[in-house]
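# Results of the structural survey
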Amino acid sequence: MNKSLLKKNQILNLLGNSLIYLPSPVNISLWWNFGSLLGLCLMIQIISGLFLSMHYISNINYSFLSIIHIIQDVNYGWLMRLIHLNGASLFFICIYLHIGRGMYYGSFKLKNTWIMGVLILLLLMTIAFLGYVLPWGQMSFWGATVITNLFSTIPYIGYMLVEWLWGGFSVNNATLNRFYTFHFLTPFMLILFVLFHLIFLHESGSNNPLGVNSDFYKIIFHNYYTFKDMLSFTYILFMFFFLIFEYPYILGDPENFIIANPMVTPIHIQPEWYFLFAYTILRSIPNKLGGAIGLVTSIMILIIMPFLYKTKFQSLMFYPLNQIYFWMFFYSFILLTWLGSQPIEFPFLKISQYLTIFYFLFYFLNFYLMKLWDNFIK
């Protein structure tokens, strides 16, 4: 009995130290709420996905029809479907803002936390891509065909790897089955990654808007920041359900209302909006292998930031030129996203190529601007 009580007290102490008495910087703003909002998004997606999986049929002849059945015949199936569909967009909005805040305020100096965060982004993109194929609409099918074909650029084993992914010589029933299996299982792997992310964060402590050591003045997490998180939950959920009830399909592609047809290619193949910036980088490089490398590098380049940015101050609040450059980068990201939905023709292709160069140069030129400013104020 005493042993069980001791174990219970240890668990309560662990939870208390992690959630209630966690020392947090006194000056962190609302931009730090996106971490907890991402946790909310993860819960929404897992719960809604679990309910959808009870009625979804992973078969090329019935998948599209099972989605219609969920929407029309299952009690509140339409709601679960729209929550899961738009929940993916909410997830990516929050994670892009979370990363942007980290880049602006220098959170990348927490090396282990940052690298784990980049791995979470990669895994999340994989999960989202796998899920996008499952409705088996026109854009789902052709999107899967285009993206999986990129593996054929790998020397020697590329074509063999593509056939292994497809389970045949084209995207078929075996492809859909394995995509559904991995889409169902990988979110649990994502939870494990998130736990490691939080463990690293609790070891180092949170960053703050000044990007400096905040050990001199910290406050407990509850109730100062729990109420702040609850307020942001309220705002986000209000906007989320407004989107679901008023404009449920505004972020989707109309082509996905048509059942997949391998004999008819859509005029313009494009992924979901949250992949468009990377897709623009892919197609702005004329070489297929170069495009595939550019696509992967556009995400993996985030990993270099903790190793490259070793400056006097971490937060861009102390670097006026870098602040201007950061917002130029932000708008270039928005433009790359828009360009991904445009046809591959002049002037869109040319603008895409210029913005791709600017996108990659940002990570290096931003660092050199910081060094110049540090030398200037010495």
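Per an unreviewed UniProt entry, the protein goes by Cytochrome b and derives from Virgulibracon endoxylaphagus. The UniProt entry for the protein carries the following text under Sequence similarities (unreviewed entry): "Belongs to the cytochrome b family." Of the protein, the UniProt comment under Function (unreviewed entry) reads exactly: "Component of the ubiquinol-cytochrome c reductase complex (complex III or cytochrome b-c1 complex) that is part of the mitochondrial respiratory chain. The b-c1 complex mediates electron transfer from ubiquinol to cytochrome c. Contributes to the generation of a proton gradient across the mitochondrial membrane that is then used for ATP synthesis."

Let's shift gears to the overall build of the protein. Counting its secondary structure elements, the protein contains 14 helices and two strands. Its C-alpha atoms give the protein a radius of gyration of 23 Å, within 12% of the compact-globule value 21 Å for 378 residues. Its C-alpha atoms put the protein at 65 × 65 × 45 Å along the principal axes. Relative to its 378 residues, the protein shows a buried fraction of 47%. For the protein, the share of sequence-separated contacts (at least 6 apart) that also reach a separation of at least 24 residues comes to 79%. When the accessible area of the protein is evaluated, it comes to approximately 20,500 Å², of which 73% is carbon and sulfur surface. In the protein, 17 positive and 11 negative side-chain charges are present, and the distance between their average locations comes to 16 Å.

Turning our attention to the packing of aromatic side chains. Under the criterion given, the structure shown has 39 aromatic pairs. With 5.5 Å between their ring centres and 80° between their planes, Trp136 and Phe141 make a pair best called edge-to-face. Look at Trp136 and you get buried, because its relative accessible area is 4%. On the basis of relative accessibility, which here comes to 5%, the residue Phe141 falls in the buried class. The ring of Trp32 carries Arg101 above its face, with NZ or CZ at 4.5 Å from the centroid.

Glancing now at the UniProt feature "binding site: a ubiquinone" (unreviewed entry) in the protein. Feature annotation in UniProt assigns "binding site: a ubiquinone" (unreviewed entry) to the following positions: His202. By secondary structure assignment, the location of His202 is in helix α8 (residues 173–204). Among the residues examined, His202 registers a relative accessible area of 33% and is labelled partly exposed.

With that out of the way, let us pick up helix α6 (residues 138–149). The terminal C-alpha atoms of α6, which comprises 12 residues, lie 17 Å apart, in line with the 16 Å expected from a rise of 1.5 Å per residue. Taken across its 12 residues, α6 has nine buried, putting it largely inside the fold. For α6, the full list of buried residues reads Gln138, Met139, Ser140, Phe141, Trp142, Gly143, Ala144, Thr145 and Thr148.

Here we come to the packing of helix α5 (residues 111–133) against α6. Between α5 and α6, whose axes approach to 8 Å, the crossing angle comes to 135°. Here α5 lies oblique to α6, going by the angle between them. Across the interface between the two elements, Phe129, Tyr132 and Val133 from α5 touch Met139, Ser140, Gly143, Ala144, Ile147 and Thr148 from α6. Looking at the contact of α5 with α6 residue by residue, the classes come out as six nonpolar, three polar and no charged.

The next point concerns a nonpolar patch on the surface. Judged by side-chain polarity, Met43, Ile47, Leu50, Phe51, Met54, Phe184, Leu185 and Phe188 come together as a nonpolar surface patch covering roughly 800 Å² of accessible area. Elements with a contribution of two residues or more to the nonpolar patch: α2 (34–53) and α8. Counting residues per element, the nonpolar patch draws most heavily on α2, at four residues. In this structure, Leu185 sits in helix α8.

With that settled, the discussion passes to the environment of Gln138. Inspection of the secondary structure puts Gln138 in helix α6. Since its relative accessible area comes to 4%, Gln138 is described here as buried. In sequence terms Gln138 and Ser24 are 114 residues apart; their C-alpha atoms lie 48 Å from each other. Sequence-distant contacts of Gln138, defined by excluding residues within four places in its chain, comprise Glu255, Asn256, Ile258, Ile259, Ala260, Asn261, Val264 and Pro266.

On to unusual backbone geometry, then. Residue Pro347 is reached from Phe346 by a cis peptide bond, and omega for that bond is 5°. On the secondary structure map, Pro347 appears in the loop between α13 (320–339) and α14 (348–377). For Tyr76, which is not a glycine, the phi torsion comes out positive at approximately 60°. In this fold, Tyr76 is placed in the loop between α3 (63–72) and α4 (77–105). For Tyr76, a relative accessible area of 58% puts it in the exposed group. You will see that Tyr156, though not glycine, has its phi angle at about 70°, which is positive. Topologically, Tyr156 is positioned in the loop between α6 and α7 (158–166). Using a relative accessible area of 88% as the deciding quantity, one classes Tyr156 as exposed.

Each value, and the rule that gives it
Along each chain, residues carry numbers from 1 onward, in the same order as the chain's sequence is written. Selection of residues for local features in this predicted model requires a pLDDT of at least 70, selection of side-chain atom pairs for listing and counting requires 80 or more, and totals for whole chains, interfaces and linings are taken over all residues. Side-chain metrics in this entry use all non-hydrogen atoms of the structure; hydrogen atoms and water are not considered. UniProt positions are given in the numbering used here, feature names are shortened, and annotations may be inferred rather than shown by experiment. The secondary structure listing takes helices from DSSP runs of H or I that are at least 4 residues long and strands from runs of E that are at least 2 residues long, numbered from the N terminus. Only C-alpha atoms enter the radius of gyration; for comparison, a globular chain is expected to reach 2.2 Å times N to the power 0.38, where N is the number of residues. Partly exposed describes any residue whose relative accessible area lies between the buried limit of under 20% and the exposed limit of over 50%, with all areas from a 1.4 Å probe on protein chains only and scaled to the type maximum. Whether two residues touch is decided by their heavy atoms; if any such pair falls within 4.5 Å, the residues are in contact. Residue-level accessible areas treat just the shown protein chains as cover; the underlying method is Shrake-Rupley with a 1.4 Å probe. Positive residues here are Lys and Arg, negative ones are Asp and Glu, while His and the chain termini are left out of the count. All charge positions are set by atom: Lys at NZ, Arg at CZ, Asp at CG, Glu at CD. In this scheme Phe, Tyr and Trp rings, the latter by its six-membered ring, pair at centre separations within 6.5 Å, and the angle between planes marks the pair as stacked below 30 degrees, edge-to-face above 60, and tilted otherwise. Whether a charge sits over a ring comes down to the Lys NZ or Arg CZ being within 6 Å of the ring centre and within 35 degrees of the ring normal. Under the convention used throughout, the expected extent of a helix is 1.5 Å for every residue step, that is, one less than its residue count. Here an angle of 0 to 180 degrees is reported between the N-to-C directions of two axes, which are lines fitted to C-alpha atoms, with helices fitted over the stretch in contact. Relative orientations are named as follows: roughly parallel for angles under 35 degrees, roughly antiparallel for angles over 145 degrees, roughly perpendicular for angles from 65 to 115 degrees, and oblique for any other angle. Throughout this entry, Asp, Glu, Lys and Arg are counted as charged residues, while Ala, Val, Leu, Ile, Met, Phe, Trp, Tyr, Cys and Pro are counted as nonpolar. The remaining residues, Gly among them, count as polar. Note on patches: the residues involved have over 30% relative accessible area and no salt bridge, like charges join within 9 Å, and the nonpolar side chains Val, Leu, Ile, Met, Phe, Trp and Tyr join within 5 Å. Between Lys or Arg on one side and Asp or Glu on the other, a salt bridge is scored when a side-chain nitrogen of the former is within 4 Å of a carboxyl oxygen of the latter.

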